[in-house]
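Residue strings, one per chain:
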Amino acid sequence: MTYTKKLKPHEFVFPAGKGPRLSQIDIELTERCNNNCIHCLINRQENDEHAHSREMDTAFVKDLLKQAADLGCLAVRFTGGEPLLREDFAELYMFARRLGMHVILFTNGRLITPELARLFAKYPPGKPIEVSVYGMRPESYDAAAGKKGAHAEFWRGMELLREHKVWFVVKSSILPPNRDDMVDFEQWLTEIDGEDSQPRYAMNFDLRARRDDPGKNERIRRLRLSPEETMSVLKRSPIYVDSMREFCGKFMSPSGNKLFSCGAGHGTCVDAYGKAQMCMGLRDPETVVDLHEATLKAALEHSFPKLREIRATDPEYLARCARCFLKGLCEQCPAKSWMEHGTLDTPVEYLCGLAHAQALYLGLITENEKAWEVENWRERIDLFSRK
Amino acid sequence: MDDVTFDMVCFPSEDIVAREIEGELIIVPLVAGIGDTDDELYTLNETGKAIWSRLDGKRTLRAISEELATEFNAPLEEVGKDLSGLMNELIRRKMILVQSV
């Protein structure tokens with residue numbers, strides 16, 4: 001007889017009707033970053049004193065973590081900006097770990113020191129550190145990250161993680177300076193322990209999440225891969241079509257006028273200044289809860305459920321998105337709508353184009369067909385997912 | 001090999017964090033080497049939970065056995081077998097420490 005049961009976090013299932021109120025919390029420790037990536041939706045300069053002075057202090061973050069633990073939270077994602085810019089990062093990391101949480105760290109790796117690598121080796125995060133990679137060569141990385149010498153620091157960080165056998169995974173963004181690096185990146189993936197070797201690329205970039213820089217938004221729009229270019233990347237994956245068969249069988253149907261058909265608000269992302277958002281993307285001031293004035297529990301149990309009831313009213317949205325069966329392929333959501341248009345329910349043409357390009361490739365629609373006009377969408381999904 | 005004796009006094013290691021969430025006892029390894037991989041969690045069955053809550057660094061395993069036998073109206077020998085089995089697992093996984101023998 002065994003008395004202990006060993007489980008991976010995803011295997012841990014509470015009895016029916018039970019379960020933690022919050023399974024994971026995302027915390028943006030700062031919006032400041034030591035990179036200045038040409039496509040970034042959130043970053044501020046690392047020496048931005050105004051941003052720095054407004055950030056949650058150590059005690060506030062610890063209290064937040066404690067509140068999350070009291071709600072049963074088993075994992076925290078520390079993100080940013082670059083979370084390692086926080087001088088109290090190691091303290092917050094250990095505080096979360098000692099509360100019994102796993103830590104997911106999003107980082108560019110440039111500030112990994114021998115001390116931090118030893119800390120991660122002795123007290124493993126419990127989840128792989130997720131490193132964003134902006135190029136495999138100094139000239140490509142530094143150009144994409146907007147900082148000379150950044151590649152050398154990134155690479156030193158990776159060497160430290162490997163030397164100390166710290167579990168990490170990598171993801172990349174396809175940008176003009178690094179488009180020739182994909183083969184090298186994918187080769188490197190095969191050499192990293194713990195990587196599943198399926199490359200992860202960002203290529204359909206979001207606009208500025210705070211709607212704070214129209215000039216940069218124009219540049220981001222130019223950096224986005226077109227639907228055709230996106231398909232050429234997706235098609236490179238040998239598992240793309242098969243994974244989409246399974247996915248489409250589960251997640252494709254029109255969402256009607258209910259705006260939040262996603263998981264937004266069931267969990268939360270707390271921004272660098274202590275505002276609880278319904279998800280990592282949605283920063284519309286009308287939808288956030290100031291945790292200086294309310295508890296995390298109140299946000300999750302009172303504020304967010306009310307917000308989730310918001311219905312779409314935009315006529316264009318109701319005529320198209322609400323009736324479109326490509327919901328699972330389309331990233332249209334209140335967060336993306338707000339970033340693009342400053343409203344929660346305006347169709348984002350770029351995302352619509354991406355979803356239709358995928359659907360066309362997968363045989364779910366024909367050339368020039370609009371998915372919201374397809375009446376026999378159930379048959380099409382059944383046919384595709386059974387193949 | 002069974003190294004457990006009933007004179008032992010045991011307590012949870014500082015290298016793990018034990019959490020009770022919705023009635024489930026979850027043991028989260030804190031330092032490397034407790035689990036076979038870094039992302040593992042452990043749960044205890046009902047017998048394990050009853051024993052774990054008594055590992056306070058004060059009571060001997062004998063005292064815990066006697067308490068449980070009384071509380072659950074179970075034969076002392078059977079309780080002792082369960083206790084010994086769990087202790088072996090927890091010691092092997094370095095989740096508890098032995099204070100004295």
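Residues numbered from 1 in each chain as written. Chains lettered and ligands numbered in written order. Predicted model: local features only at pLDDT ≥ 70, side-chain atom pairs only at ≥ 80, totals over all residues. Heavy atoms only, no water.

Caption draft 1: Examining the interface of chain A and chain B more closely. At the interface, 31 residues of chain A touch 28 residues of chain B. Inspection of the region where chain A meets chain B yields zero salt bridges. In this assembly, chain A and chain B are joined by seven residue pairs in polar contact (both at pLDDT 80 or more). At the level of secondary structure, the elements contributing two or more residues to the side of chain A that touches chain B comprise strand 1 (4-7), helix 3 (89-98) and helix 4 (114-122) of chain A. Element by element, the count of residues in the side of chain A that touches chain B is highest for strand 1 of chain A, at four residues. Classifying every residue of the side of chain A that touches chain B by side-chain character gives 17 nonpolar, seven polar and seven charged. (Contact = heavy atoms within 4.5 Å. Salt bridge = Lys/Arg side-chain N within 4 Å of Asp/Glu carboxyl O. Polar contact = N/O pair within 3.5 Å; in protein donor to acceptor, adjacent residues only side chain to side chain. Helix = DSSP H or I, 4+ residues; strand = E, 2+ residues; numbered from the N terminus. Nonpolar A, V, L, I, M, F, W, Y, C, P; charged D, E, K, R; others polar.)

Caption draft 2: Quick peek at helix 3 (residues 76-92) of chain B. Residue and element names in this part refer to chain B. The terminal C-alpha atoms of helix 3 lie 24 Å apart, and with 17 residues this matches the ideal 24 Å at 1.5 Å per residue to within 8%. Here helix 3 has its buried residues at Val-79, Gly-80, Asp-82, Leu-83, Ser-84, Leu-86, Met-87, Glu-89 and Leu-90. Immediately downstream of helix 3, the backbone of Lys-94 shows phi near 60°, a positive value. (Expected span 1.5 Å × (residues − 1). Buried < 20%, exposed > 50% of the residue type's maximum accessible area, 1.4 Å probe, protein only.)

Caption draft 3: Representation of the state of the cysteines within the structure. Residue and element names in this part refer to chain A. This model, assessed by the stated rule, comprises zero disulfides over all chains. The structure places no disulfide on Cys-40, whose sulfur is separated from the nearest cysteine sulfur, that of Cys-37, by 6.1 Å. Residue Cys-279 stays outside any disulfide, its sulfur separated by 6.1 Å from that of Cys-333, the closest cysteine. Judged by relative accessible area, which is 24%, Cys-279 ranks as partly exposed. (Disulfide = S-S within 2.5 Å.)

Caption draft 4: Quick look at the packing of helix 10 (residues 240-251) of chain A against helix 15 (residues 377-386) of chain A. All names here are of chain A. As a packed pair, helix 10 and helix 15 sit with axes 8 Å apart at the nearest point and diverge in direction by 140°. If you check the angle between helix 10 and helix 15, you find them oblique. Like other packed secondary-structure pairs, helix 10 and helix 15 cross with a definite hand, here left-handed. For the pair helix 10 and helix 15, the contacting residues are Val-241, Met-244, Arg-245, Cys-248 and Gly-249 in the first and Ile-381, Phe-384 and Ser-385 in the second. Looking at side-chain class alone, the contact of helix 10 with helix 15 contains five nonpolar, two polar and one charged residues. (Axes fitted to C-alpha atoms, helices over the stretch in contact; angles between N-to-C directions. Parallel < 35°, antiparallel > 145°, perpendicular 65-115°, else oblique. Left-handed = near helix turned anticlockwise from the far one by under 90°.)

Caption draft 5: The environment of Met-280 of chain A, seen in detail. Residue and element names in this part refer to chain A. Within the fold, Met-280 resides in the loop between strand 11 (275-277) and strand 12 (289-290). Residue class for Met-280 comes out partly exposed when judged on its relative accessible area of 28%. Separated by 111 residues in the primary sequence, Met-280 and Val-169 place their C-alpha atoms 20 Å from one another. In contact with Met-280, other than residues within four places in its own chain, are Asp-26, Glu-28, Arg-77, Thr-79 and Cys-269.

Caption draft 6: A look at empty space enclosed by the protein. Residues and elements named next belong to chain A. In the structure shown here, the tally under the stated rule is one cavity of 30 Å³ or more. Estimated volume of the largest cavity: approximately 60 Å³. Put simply, the parts of the chain that give the lining of the largest cavity at least two residues each are strand 8 (168-173) and helix 7 (182-189). (1 Å grid on protein atoms, 1.4 Å probe; cavity = no way out; pocket = protein on both sides within 12 Å on 5 of 7 lines; lining within 4 Å. Points joined across faces, edges and corners; volume = space filled by probe spheres on them.)

Caption draft 7: Main features of the side chain of Thr-268 of chain A. Among the structural elements, Thr-268 of chain A can be located in strand 10 (residues 268-270). Dropping the residues within four chain positions of it, Thr-268 of chain A is found in contact with Leu-22, Ile-25, Asp-26, Ala-276, Gln-277, Met-278, Leu-296, Leu-300 and Phe-304 of chain A.

Caption draft 8: Molecular detail of the sheet that holds strand 4 (residues 41-44) of chain B. Taken in spatial order, the four strands of this open sheet run 1(A)-4(B)-3(B)-2(B), and their pairing is antiparallel. Looking along the sheet, the strands with just one partner apiece sit at the ends: strand 1 of chain A together with strand 2 (16-21) of chain B. Between one strand axis and the next, the sheet turns through 30° on average, direction left out of account. Looking at chain direction, strand 2 of chain B and strand 3 (residues 24-29) of chain B are connected through six bridges and run antiparallel. Looking at strand 3 of chain B, one finds that Ala-18 of chain B is bridged to Ile-27 of chain B. (Pairing = 2+ DSSP bridges.)

Caption draft 9: Expanded view of the domain arrangement of chain A. Residues and elements named next belong to chain A. Domain boundaries assigned for chain A yield domain 1 (20-230) and domain 2 (231-259 + 312-387). Each of domain 1 and domain 2 was reduced to a C-alpha centroid, and the two centroids are 29 Å apart. If you look at the interface, domain 1 gives 22 residues, while domain 2 gives 17 residues. Both faces combined, the contact of domain 1 with domain 2 buries some 1600 Å², and carbon together with sulfur accounts for 54% of it. Of all residues in domain 1, the largest losses of buried area upon contact with domain 2 belong to Arg-211, Pro-227 and Thr-230, amounting jointly to 33% of the total for that side. Across the contact surface, domain 1 and domain 2 share three salt bridges. One salt bridge connects Lys-336 with Asp-206, and the closest N-O pair in it is separated by 2.7 Å. Only helix 7 and helix 9 (227-234) provide two or more residues apiece to the side of domain 1 that touches domain 2. (Domains from an automatic or database assignment. Buried area = accessible area lost by both parts, 1.4 Å probe.)

Caption draft 10: Representation of the pattern of salt bridges. All names here are of chain A. Per the counting criterion, the structure on display carries 39 salt bridges over all chains. Put simply, Arg-21 and Glu-301 hold a salt bridge, and the shortest N to O gap is 3.9 Å. Taken as a pair, Arg-21 in the loop between strand 1 and strand 2 (24-28) and Glu-301 in helix 11 (residues 296-307) lie far apart in primary sequence, 280 residues in all. Within the structure, one salt-bridge network assembled from shared partners comprises Glu-28, Glu-31, Arg-44, Arg-208, Arg-210, Asp-212, Asp-271 and Arg-283.

Caption draft 11: Structural view of the packing of helix 2 (residues 61-71) of chain B against helix 3 of chain B. Residue and element names in this part refer to chain B. The interhelical angle for the contact between helix 2 and helix 3, taken along N-to-C directions, is 130°, at an axis separation of 9 Å. Considering their axes alone, helix 2 and helix 3 lie oblique with respect to each other. The two elements helix 2 and helix 3 cross, and the hand of that crossing is right-handed. Between helix 2 and helix 3, the contacting residues are Leu-61, Ile-64, Ser-65, Glu-66, Leu-68 and Ala-69 on the first element and Leu-76, Val-79, Gly-80, Leu-83 and Met-87 on the second. Classifying every residue of the contact of helix 2 with helix 3 by side-chain character gives eight nonpolar, two polar and one charged.

Caption draft 12: Structural view of the nonpolar core. One finds Ile-25, Phe-78, Phe-120 and Trp-188 of chain A together with Leu-55 and Met-87 of chain B to be the most contacted residues of the largest nonpolar core, which totals 114 residues. Among the elements that take part in this core, helix 2 (residues 58-70) of chain A stands out by supplying six residues, more than any other. Each of domain 1 (20-230) and domain 2 (231-259 + 312-387) of chain A gives at least three residues to this core. Excluding residues that lie within four positions of it along the chain, Phe-120 of chain A makes contacts with Phe-89, Tyr-93, Leu-105, Ile-112, Pro-125, Ile-129, Leu-161 and Val-166 of chain A. In this structure, Tyr-240, Met-252, Cys-324 and Leu-329 of chain A belong to the second largest nonpolar core, which totals 22 residues. (Core = buried A, V, L, I, M, F, W, Y, C linked by side-chain atoms within 4.5 Å.)

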